[in-house]
Amino acid sequence: MQQLPNGMQHWPVLRRERLTSRLAELEVRLKTNVSNSSKPTSNDMHGRKHRPRNKSNKKAGGQEGHEGKTFQPFTEEQISQVQPLKPAACGQYGATIDSDAPVDGESITWQIIELPPV
C-alpha cells in the first residue's frame, strides 16, 4: 500500500464508510413500493409487468355487422328550454363584447339531460 501524505491516512476509511452507507440507503429505496411506503401507485413503475394482449384475428374498432350507436340530437319537440350563452369579454384579447352583436363563426351546442331521481 502506498504512503499517503500526513493527515490523509484516514481518507480511504471515511470514503469506504460513506460509500457503504450510501449503498445501504439505495438498497432500502430499491425495496420500497406502494405497499410498504406512502408512495402513490403512479410512482411504482419498476417491477410492474405488463401482460401481452391476447392475439386475435379481428381488426381494431367496430366489428363487421355490429350495429353502431351514435348519439342523436334532440328533436324540436323534445327540447324544453333554449338558453343562449354569450361571453362578456373576448377570450383572446379581453375586449368587451356587446350582447347584441352578431355571432361570428360557428356556434357550439350542448344538450343537457336531467335524469329523474332513483
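This structure is a prediction, so every number in the text was calculated from the model and none was measured. (Residues numbered from 1 in each chain as written. Predicted model: local features only at pLDDT ≥ 70, side-chain atom pairs only at ≥ 80, totals over all residues. Heavy atoms only, no water.)

Here we come to the overall build of the chain. A count of helical and extended segments in the chain gives 1 helix and 0 strands. Going through the 118 residues of the chain one by one, you find that 1% of them count as buried. In the structure as shown, the chain presents an accessible area of about 12,800 Å², 54% of it carried by carbon and sulfur atoms. (Helix = DSSP H or I, 4+ residues; strand = E, 2+ residues; numbered from the N terminus. Buried < 20%, exposed > 50% of the residue type's maximum accessible area, 1.4 Å probe, protein only. Areas by Shrake-Rupley, 256 points an atom, 1.4 Å probe, with all protein chains shown as cover.)

Turning our eyes to something else, we now look at the pattern of salt bridges. Applying the stated criterion to the full structure yields 1 salt bridge. Where E25 meets R22, a salt bridge forms, and the shortest distance between an N and an O atom there is 2.8 Å. Within this pair, E25 and its partner R22 are both found in helix α1 (residues 11–31), separated by 3 residues, close to a single helical turn. A residue is classified by how much of its surface remains accessible, and E25, at 40% relative accessible area, is partly exposed. Classification of R22 by relative accessible area gives partly exposed; the value is 40%. (Salt bridge = Lys/Arg side-chain N within 4 Å of Asp/Glu carboxyl O.)

Turning next to a nonpolar patch on the surface. Together, F71, I113 and L115 make up a nonpolar patch on the protein surface, roughly 380 Å² of accessible area in all. For L115, the position within the fold is in the segment after α1. By relative accessible area, L115 is classed as exposed at 73%. (Patch = residues over 30% accessible without salt bridge, like charges linked within 9 Å, V, L, I, M, F, W, Y side chains within 5 Å.)

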